Amino acid sequence: MKSFHRFLSIFLAMILMCSLGACAKKAPESTGESVVFTNQNTEDTEQLEVPISEEVRSDSGTASSSGQLSPTLDEGEQIISACVRNDRIYILTRVMEQSAGALQSRIYSMEADGSDKTLIVSETFTAPGASQEMSYLYSIGIQSFCVCSDGSVWYKVNDLTSLARQVVHADMSGNELASIDSEGVSFLLPLSDGGAAIFADALTVVYADGQTRFSIQPDNGWWDDAAVLDDGSVAVVFRDFMSNTIYLKRLDLDAGALVTVSEMTVKNVRLAGGSWDALWLFGGNVSVWEPDSDTLTQKLNFSSEGLNFSDIRDVELMSGDRLLISEQKITAVSEEIALYILTAGDSMRVQSGDATVLRLAGVSIPYPLTEAILAFNRTNGEYTIEIEDYFNYSTADNYNAGKERLLYEIGTGDLPDIIYFGNDLSVEDMASKGYLVDIGALLDADSSIDRSELMENVLDAAEIGGTLYSLPMSYYVETAMGRKDIVGANPCTVDNVRTWIEQNPTIEAYSEMTRDLFLRRLVWTNADTLIDSGTGTCRFDSAEFIGMLELANKLPAITQERVSAAAHDSLFIPEYATTLGSLAGGDYGAAVSYEITGYPGTISGLTLIRPDPELGIASNAANIDGCWTFLRYLLSKEAQEAIAAFDGIPILCDVFDAQLETLRELCSEGLFTEAMVEAAAETASGGGVCIRSSSMLTQLSGIAVEEAESYFSGDKSAEETAAMIQSRASLYMSEQG
C-alpha cells in the first residue's frame, strides 16, 4: 500500500500544481533534404523520413552570456552526451520518430562558441514490430562515446534488433575503422595512440584497429570513474571492496596494469581532468585536489551558477580553467542534456559579482530545496545562496562522516549562514548552545507577512520553549487510520485500543508494525503527557505510561508476513502522509473502510508533525537580513507551490487551501469523498507533536524501548519496567540541564 501511496502522492502533486540497425557507416552529405531510413527487417521496404537541417556541416550555434552552449539542432533533436578534446566540443544527439519506431544517433564536433558544427557519425535504428514505445527507443542507438586526440571517435552501440552490443571506432569523417563485440560497457576513454580503454566487467585496452592489447579484472573492487589527464594518461578511481578503501590509480599501458598512486581521502566525487599534481573533481561543487599535500580547493559552486548539483551528469576541464558542464534535464516527455561552459575561480565567501554570497549547509539537502535555492538565485540580485552538502564527505565505511565533519566545524565556530537540519542535525541541540537566531522575531518584525498566513499548528509544533528557532518550509503528517466498523465514533485512547485488540484477536493490530516501533511512536505522540522539558522532569512511572507498555505488548516482536494485498484489513494502518492527497486517500485499496484516528493518547488520538525542509539562521551569520530575505522567499506563493509539487504539505495557507479545493473538486470523479478530504484538512491543520531526529525524544524513546524488553520477555512487570525507564530518563534529562 505504501508504494501506491507514493504513486498517488506524486500523481496528486502533479494535479495540484497546476531495433533494426540500418546503419549508415559514413556521414551523409548535407543536402537540405530528408534522409531516408530503411527498415531492413521487413519483406517490403518501408521508408521512414527524419528531416536533417540544411546547416548540418557548418552551423552557427551560440554560447549565451550565462555560459550556456546552445548549438542549432533539428526539431526534436536532443543532446544526450558531450565531451571535450583539444578544446573542441563533441556532442552525441538523438532524433526520434516514435510513430515510425525510428531513431537516429548523431555525433557532431564544434567550436566552444557553438560554431563550425560538423557531423561526424550518423547511424539509424528502427524498432521491430510493436516495440515502438519511447522507453524502448531510449535503449537503442549510440549510448555513449569518447574522442581521441586525432579526432576519431569510439562509441557504444545497442542494436537490440540484432541483439548486437558493439564498440565502434570511426575516423573524423565517420568511416568505420574497427568494431568490437562488447557487453556491459560502463564507459569508454580514448588513448593517445588512437586506442581505447573499455570499462566493463573487465577493463579492456584495445588498439586503434580494435585488437585487444590487454585486459584487467577488477578483483574484489570496481572502477567508480576515470578520466584522461592533461598529459594523455588515464586516472582511475578504484573502490576496493575488501578494505572499503578508494584509491587513485594510473593505467600503465606498458605494464598492462592499474598502478596505485595514492589513497583518495576525498569521497563521493568524480574526475573532471587536470594533472597528477592537481586533480579536478566534481560532486557537490568543483574542486582541485592536490594528492601530495591532501589539500582541496573549491573552484566553482554549482548553486551559485544556478545549477542543481543533483542534475550534473558530467564535467570536463578545458584550457584556461574553463569547464564543460553537462546538466541532465528530465521532463515528463523528454530527457536531454544542457551544456554550459563556465570559467572556474577560487570560491569567495563574501562577494560573487554584485551579490552577497550566503552559505547554506546541511547533510543530504533535498532536491525541492535545491530547486528553490536556484530559483531565488535567478531572481534576487542582492544575495546568492551557495550550497554545501556535507553528504559528499560521507564514505562507504563511515556513512556519518559528513555529519561529523559539519558538527566539528560548527563546534569550532565555523557555522554556515543558513543551516538545513534534515535527519542529521538537532534544532534543540543547536538552539541550546546559542547557535541559532530567533526566527520568530524576524517573522514578527516583517510587515510583508503575518503568522496568520502560515499554518500556525506547524509553527507551534516547531517551537522550542516558546521560541521559533527554525522555519519549516513544508511538513509531513504521521498518523494512523482505524477500521470504521470497529472504532466507530469512539476516541482513540490507550484503553479503547487495548479493548479493541482484545476483542478482535484474529485481526492484526497495526499493519506491519512491531511492538518496539509502536512503543516509540507512543512516547513521541504522548510527549506532552510524559515529558516536561521546561522543568526537566518526566513521568515514565505514571499509570498512563504503564498502560502504554501494556498496549505495546499486544503487538508482535517482528512484523507478520502478509498473505496478500486483499488481506489488508488490520485494525489500524499507520499513515505517513507527504501530501494532502495521500492523507485524504490513505485507505485507498484496503479491503474495509478506514478513517483517521491518530495514535492512541490518554484522551484522544494524536498525530505527529514532521517539518521538512526545516532551516535555521546561524547567530553569527554575517548578514542575518540577507538570510531572512531567502527564508522569506521560501514562504512566497511561488516557492510554496514549487516545493509542494515534489512532496510535502505547504505551510502557506493560500497554497494549502488551494490544494484542498482541488481535492474537493476531485470528489466528483470518485477519487475521494468529502468526508475523507475534510478529515485530512482537520488532521493536517490540527495540533500535533513535532518529530525531529537527534532530539531529546529520540533518546528518551530509545531508553523506553531498551528497558521494555525485560517486560516484553516476562522478566519484569510493567510497573518494575516503568520504574527503570523513569530512573534512566530522569538521569538523562538532568544531564541535559
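On a predicted model such as this, the values are computed, not experimentally measured, just so you know.

Chemist: In this structure, what is going on with unusual backbone geometry? I would like to understand it.
Modeler: Glycine aside, negative phi is the norm for most residues, and most peptide bonds take the trans geometry. Going from Asp612 to Pro613, the amide bond is cis rather than trans, its omega being 0 degrees. The phi dihedral of Asp294 falls on the positive side, at around 55 degrees, and the residue is not glycine. Following the sequence through the fold, Asp294 ends up in the loop between strand S24 (285-290) and strand S25 (295-301). For Asp294, a relative accessible area of 41% corresponds to the partly exposed category. Although it is not a glycine, Ser364 sits at a positive phi angle of roughly 60 degrees. Here Ser364 shows up in the loop between strand S30 (355-362) and helix H3 (367-379). In this structure Ser364 comes out as partly exposed when scored by relative accessible area, which is 34%.

Chemist: Sorry if this is basic, but what is going on with helix H9 (residues 494-503) here?
Modeler: Residues spaced three or four apart along an α-helix face the same direction, because each turn holds 3.6 residues. All buried positions along H9 are accounted for by Val494, Val497, Arg498, Trp500 and Ile501. Across the axial projection of H9, the buried residues extend over an arc of 160 degrees, all falling on one side. As for H9, its buried residues are in contact with helix H8 (484-487), helix H12 (543-552) and strand S37 (572-577).

Chemist: Would you mind going over the sheet that holds strand S16 (residues 203-206) with me for this structure?
Modeler: In a beta sheet, neighbouring strands pair by backbone hydrogen bonds and run either parallel or antiparallel. Here we have 4 strands laid out as an open sheet, ordered S14-S15-S16-S17, and antiparallel in their pairing. Of all the strands in the sheet, just strand S14 (187-190) and strand S17 (212-216) have a single pairing partner and so form its edges. Between one strand axis and the next, the sheet turns through 15 degrees on average, direction left out of account. In this sheet, strand S15 (residues 196-199) lies alongside S14 in antiparallel orientation, the contact comprising 4 bridges. Bridge pairing in S15 places Pro190 opposite Ala196.

Chemist: Explain the confidence of the model for the protein here, please?
Modeler: Should pLDDT be low for a region, the predicted coordinates there are not to be read in detail. Looking at the protein as a whole, its pLDDT mean stands at 83, while 83% of the residues score no less than 70. Contacts of residues 1-60 to residues separated by more than four positions or lying in other chains number 145 contacts, the stretch itself having pLDDT below 50. Residue range residues 561-567 is modelled with pLDDT below 50. Its contacts to residues more than four positions away, or to other chains, number 7 contacts.

Chemist: Would you take a moment to explain the nonpolar core for this structure?
Modeler: One broad trend across soluble globular proteins is that nonpolar side chains are buried collectively. By size, the foremost hydrophobic cluster in this structure holds 94 residues, and its most contacted members are Phe302, Ile325, Leu615 and Phe630. Counting 49 residues, the second-largest nonpolar core is a separate cluster that includes Trp500, Leu549, Tyr599 and Tyr732.

Chemist: Would you mind showing me how to read the pattern of salt bridges here?
Modeler: If the charged atoms of two oppositely charged side chains come close together, the side chains can form a pair. Evaluation of the coordinates by the stated rule reveals 25 salt bridges. Arg359 is paired through a salt bridge with Glu388; the nearest N and O atoms lie 2.8 Å apart. Pair noted here: Arg359 is in strand S30 and Glu388 is in strand S31 (residues 383-389), with a separation of 29 residues, a long-range link.

Chemist: Looking at this model, I keep getting lost on a negative patch on the surface. Mind explaining?
Modeler: A cluster of acidic residues, Asp450, Glu453, Glu456, Asp460, Asp654 and Asp657, forms a negative patch on the protein surface. Contributions of two or more residues to the negative patch are made by helix H7 (456-462) and helix H16 (653-666). Topologically, Asp657 is positioned in helix H16. For Asp657, a relative accessible area of 42% gives the class partly exposed.

Chemist: What am I meant to see in the sheet that holds S25 here?
Modeler: Strand order in the open sheet formed by 4 strands is S22-S23-S24-S25, and the pairing between neighbours is antiparallel. The sheet is open, and its two edges are formed by strand S22 (270-274) and S25, each paired on a single side. Sheet twist, expressed as the mean angle between neighbouring strand axes with direction ignored, is 30 degrees. With 6 bridges connecting them, S24 and S25 associate as antiparallel partners. Looking across to S25, one finds that Val286 is bridged to Leu300.

Each value, and the rule that gives it
Residues numbered from 1 in each chain as written. Predicted model: local features only at pLDDT ≥ 70, side-chain atom pairs only at ≥ 80, totals over all residues. Heavy atoms only, no water. Helix = DSSP H or I, 4+ residues; strand = E, 2+ residues; numbered from the N terminus. Buried < 20%, exposed > 50% of the residue type's maximum accessible area, 1.4 Å probe, protein only. Arc of directions from axis to C-beta. Contact = heavy atoms within 4.5 Å. Pairing = 2+ DSSP bridges. Axes fitted to C-alpha atoms, helices over the stretch in contact; angles between N-to-C directions. pLDDT = per-residue confidence, 0-100. Core = buried A, V, L, I, M, F, W, Y, C linked by side-chain atoms within 4.5 Å. Salt bridge = Lys/Arg side-chain N within 4 Å of Asp/Glu carboxyl O. Patch = residues over 30% accessible without salt bridge, like charges linked within 9 Å, V, L, I, M, F, W, Y side chains within 5 Å. Areas by Shrake-Rupley, 256 points an atom, 1.4 Å probe, with all protein chains shown as cover. Lys, Arg positive; Asp, Glu negative; His and termini not counted. Charge placed at Lys NZ, Arg CZ, Asp CG, Glu CD.

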